Amino acid sequence: MKEFVINVDPLETRIALIENKCLVELNVERQESRSLVGNIYKGRVDAVVPGIQAAFIDIGFEKNGFLYVSDIAGIEGTGDFEFVDGTVRATSSVHHRHRAIDELLKKNQHVMVQVSKDRLGTKGCRLTNFITLAGRCMVLMPTVKHLGVSRKIDDEKERRRLKRILQEVRPKDVGLITRTAGEGRSKADFQNDVKYLMKVWSKVKNKMESAKGAALLHEDLGPILRVIRDQFTEEIDRITIDSDSEYSRVLNFLDGFAPNLRDRCKLYQGKRPIFDKMGIETEIEKALHRKVYLKSGGHICIDQTEALVAIDVNTGKFTGKRHLEDTVFRTNIEAAEEIARQVRLRDLGGIIVCDFIDMDLAKNRRLLIKRLSECLKADRAKTTISEVNELGMIEMTRKRVKHNLVKALSQSCPYCEGSGMVRSVSTVTCTCLRQLQSLFCTNRTKRVIVQVNADVARRLRIENKALLDAVAQQFEREIAVESVSDFHVHDIKVLNAETRKELALT
C-alpha cells in the first residue's frame, strides 16, 4: 500500500509518502522559502572561477547561483541522462571532453540556466544549462539532442518501441526522454506532449530575448502538482488532500495529465487534522530526535555533522533468548530496515557511516548488506553501499537535492550553536566568581547585585556561599545574588545596587 497524504496550511504545505502504513518521505514547502528547483532564469555571469571550473551567476537573488563546467550544454560527450526531481542529470556513464570554464563563459555574459538544487545553508542555488521541460509522458531537453528511455522501464521490447516513437515525434535539434509514465502510451500521447512542450519552450525563448537583465523565464509547478506530475503513477494507490481548493486543482490537472488516476484522489473533510489522525505528526516528531527506538527494544542513534552522518546501532533492552550472535544479527537486520527508512525520511546526504554491532559469521554480514540494499531500492536518491569493514561499519553515499528534514524544520540552538552542549552550572559558577574578582580590581562600586540563572544562583547562595563571602571580604564589597527565571545558564550580569545600572564585565 502506497499513498500520498497532503496537508495544506496557510504557512506551509506538507506532502507525506506512506508505504505500508509507515512514513518514508516528507516534503515541506513554506511560503517564505519556496523551492526554486525546475525554474528557468535568464542569468548574468557575475564571476568566472577557473580554479574550481565554475561560474557564479546572478539570477536576481541576494546569493548568486553556481554553474559547474560539466553542467553546461554543448560540451561534446557521450552517455545517458536521467530525469530526477524536476531536472535532468547526466549519469555516471557520461564522459565530457571538458573545455575550460573561461573559454565557455565571460563576465557579464547572459546565459539561460535552470535551478537543479535549492540553496543549502550559505550556498547559492546549483544551476544547470541542461534545460528540461517535463510533460506526462516525456521530458523535452531543448539544449541537447539526446534520446532516452527511463531506466525503470525494463521490458526491452517496450524500450525499443518507445525509442522508435521518440525518433518519429522529435522536433529538430532537441532531445527527448521517455518518463516511466510513458510506458504503454500511444504515439498520439507523445505527439500531444511534444506539441505542448514546444509551445512552452517558445515562450521561454521569447522571454529570454526580451528580458533586459536577470529574470524568471519559466516557473515550475507548485509542490503538490509537481508531486502529481513526477511521482503519481500506477504504483500509488491513493492521494488524500485536506484542502478543497487544492483538491479541485489536482482534479483539473489530472483531467489533462492522467485521467485514469483521477479516482485515486480523495478529499479529506474531517475536523481532526489529517496528519494527527493518521499518526504522521508523531512520526515527524520522532524524526527530529537523535535516538530512534526499534520494535525489539534496540535503538539507533543518528548524529549529523558538517562532513558526514554517523549512525550507531545498539541492542538496548533487547537481549534475545538464545545465542549472542542471533541477538546481534536480529538487531542489525531490524536496524538496517529502520536506517533505510530514516535516510529517506530525513533526506540524509553525503557520506553516511553505519556502525552496526560486530558479528562473527561472514554469512550474517553478507545477509546484512543484502537486506540494507533491498530496503534502499525504494529510495529515489542514488545510493552506494560498501562492504562491512574490519571495524563492523558500513559506509554509504547518498545524493540529495533539498534540505534534509531536521534542517528544514529546525534551527541551530542559539546557546549551544548546534554543538548540543552548554557549560555546566559548576563551570558558570566558577566563571562568575572570577569575573567578580576581575571587576572589583577595576571598579570601586561598594554594593553590587549579581543576576544569574536560578540554578547558578542556588549554587552561589548555598554550596558555594563561603567562596562568594570570601570574595566580598577580600575586596570589602557587599554582594547580593538575584536569580532571573528567563536567564540562560550562561548569562551573568552585575548591577550597581544603588542605580541598578549594569557594570561591564571583562
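Presented here is a report on the structure given in the accompanying data block. (Residues numbered from 1 in each chain as written. Predicted model: local features only at pLDDT ≥ 70, side-chain atom pairs only at ≥ 80, totals over all residues. Heavy atoms only, no water.)

## Side note on the packing of helix H11 (residues 425-442) against helix H13 (residues 465-475)
Under the convention used in this document: Only the stretch in contact is used when a helix axis is fitted, and all axes are lines through C-alpha atoms; the angle between N-to-C directions ranges over 0 to 180 degrees. Here a helix means four or more residues in a row that DSSP labels H or I, a strand means two or more in a row labelled E, and each is numbered from the N terminus. Orientation categories follow fixed angle ranges, with anything under 35 degrees roughly parallel, anything over 145 roughly antiparallel, 65 to 115 roughly perpendicular, and all other angles oblique. Contacts: residue pairs with any heavy atoms within 4.5 Å of one another. Each residue is assigned to one of three groups, with Ala, Val, Leu, Ile, Met, Phe, Trp, Tyr, Cys and Pro labelled nonpolar, Asp, Glu, Lys and Arg labelled charged, and all others, Gly among them, labelled polar.
Contact pair H11 / H13: the axes reach a minimum separation of 11 Å and the direction vectors enclose 5°. By the angle class used here, H11 and H13 are roughly parallel. Here Leu433, Leu436, Gln437, Phe440 and Cys441 of H11 lie close against H13, whose contacting residues are Leu467, Leu468, Val471, Gln474 and Phe475. Of the residues contributing to the contact of H11 with H13, the split by class is 8 nonpolar, 2 polar and no charged.

## Regarding the pairing of strand S25 (residues 393-398)
The condition that has to hold: Type-normalised accessible area, obtained with a 1.4 Å probe on protein chains alone, sets the label of each residue: buried when under 20%, exposed when over 50%, and partly exposed for intermediate values. Paired strands, as defined in this entry, are two strands with at least two bridges between them according to DSSP.
Residues Ile394, Met396 and Arg398 line the buried face of S25, whereas the alternating positions Met393, Glu395 and Thr397 sit on a face that is not buried. Direction of pairing for strand S24 (residues 383-385) relative to S25: antiparallel, over a ladder of 3 bridges. Looking across to S25, one finds that Thr384 is bridged to Thr397.

## Remarks on the sheet that holds strand S28 (residues 492-496)
Spatially, S27-S26-S28-S29 is the arrangement adopted by the 4 strands of the open sheet, whose pairing is mixed. Each edge of the open sheet is held by one strand with a lone partner, namely strand S27 (478-483) and strand S29 (502-503). Both strand S26 (residues 447-452) and S27 contribute to a ladder of 6 bridges, which runs parallel. Its bridge partner lying in S27, Gln451 is registered against Glu482. Of the strands in this sheet, S26, S27, S28 and S29 touch H11, which is tilted by about 35° from S28.

## Comments concerning the pattern of salt bridges
A pair can form between side chains of opposite charge whenever their charged atoms are brought close. Where we set the bar: The term salt bridge refers to a side-chain nitrogen of Lys or Arg lying within 4 Å of a carboxyl oxygen of Asp or Glu.
All told, the structure shown has 37 salt bridges when counted by the stated rule. When salt bridges with common partners are traced through the structure, they connect Lys2, Glu19, Glu25, Glu235, Arg344 and Arg380 into a single cluster.

## What to know about the environment of Ile224
The residue Ile224 is located in helix H4 (residues 223-231) in this model. It is 8.1 Å that separates the C-alpha atoms of Ile224 and Glu246, two residues lying 22 residues apart in sequence. Those residues in contact with Ile224 that lie beyond four places of it in its chain are Ile6, Val8, Thr13, Ile15, Glu246 and Val250.

## Some thoughts on the side chain of Gln114
Formally: Here a polar contact is recorded for every N or O atom pair within 3.5 Å, except that within protein the pair must consist of a potential hydrogen donor and a potential acceptor, and residues adjacent in sequence are included only if both atoms are side-chain atoms.
With respect to the element layout, Gln114 can be found in strand S11 (residues 110-117). Take Gln114: its relative accessible area is 1%, and that puts it in the buried class. In this structure the side chain of Gln114 is engaged in a polar contact, spanning 2.9 Å, whose partner is the backbone nitrogen of Thr132.

## Here we look at unusual backbone geometry
Even without being a glycine, Asn108 presents a positive backbone phi close to 75°. With respect to the helices, strands and loops of the structure, Asn108 is situated in the loop between helix H1 (101-104) and S11. For Asn108, a relative accessible area of 44% translates into the label partly exposed. A positive phi is found at Glu476, a non-glycine position, where the angle reads about 55°. The exposure class assigned to Glu476 is exposed, which follows from its relative accessible area of 60%.

## Concerning the nonpolar core
Here is the rule: Here, nonpolar core means buried Ala, Val, Leu, Ile, Met, Phe, Trp, Tyr and Cys residues that are tied together by side-chain atoms lying within 4.5 Å of each other.
In terms of nonpolar packing, the biggest core is built from 26 residues, with Ile300, Ile311, Ile339, Ile352 and Phe356 touching the most fellow members. Residue assignment for this core shows that the elements contributing at least two residues are strand S21 (299-304), strand S22 (308-314), helix H8 (324-346), strand S23 (350-355), helix H9 (362-376) and S25. In terms of residues, this core owes the most to one element, H8, which gives 7 residues. Dropping the residues within four chain positions of it, Ile339 is found in contact with Ile300, Ile311, Val313, Cys354 and Phe356. In terms of nonpolar packing, the next biggest core, distinct from the first, is built from 24 residues, Met112, Leu147, Leu162 and Ile165 among them.

## Concerning a positive patch on the surface
How we decide: Patch construction takes residues with relative accessible area above 30% that form no salt bridge. Like charges are linked within 9 Å, and nonpolar side chains (Val, Leu, Ile, Met, Phe, Trp, Tyr) are linked within 5 Å. Surface accessibility in these figures is a Shrake-Rupley result with a 1.4 Å probe; residues are shielded only by whichever protein chains are displayed. Working convention for charge: Lys and Arg count positive, Asp and Glu count negative, and His plus the chain ends are omitted. Where a charge sits is defined by one atom per residue type, namely NZ (Lys), CZ (Arg), CG (Asp) or CD (Glu).
Side chains of Lys195, Lys199, Lys203 and Lys207 sit close together on the surface and give a patch of like positive charge. Examined against the element boundaries, Lys203 turns out to sit in helix H3 (residues 187-210). Its relative accessible area of 58% is what places Lys203 among the exposed residues.

## Here we look at helix H2 (residues 156-169)
Which entries qualify depends on this criterion: Between the first and last residue of a helix there are one fewer steps than residues, each counted as 1.5 Å, and that sum is the expected span. This arc describes the spread of directions from the helix axis toward the C-beta atoms.
End to end, H2 covers 20 Å across 14 residues, agreeing with the expected 20 Å (1.5 Å per residue, within 8%). Those residues of H2 not exposed but buried are Glu158, Leu162, Ile165, Leu166 and Val169. Looking down the long axis of H2, one finds its buried residues gathered within 100° of arc, a one-sided arrangement. Opposite the packed face of H2, turned more than 90 degrees from it, sit the exposed residues Lys157, Arg160 and Gln167. On its buried side, H2 packs onto strand S14 (138-141), strand S15 (147-149), strand S16 (175-178) and H3. The N-terminus of H2 is capped by Asp155, whose side-chain oxygen sits 3.1 Å from the backbone nitrogen of Lys157.

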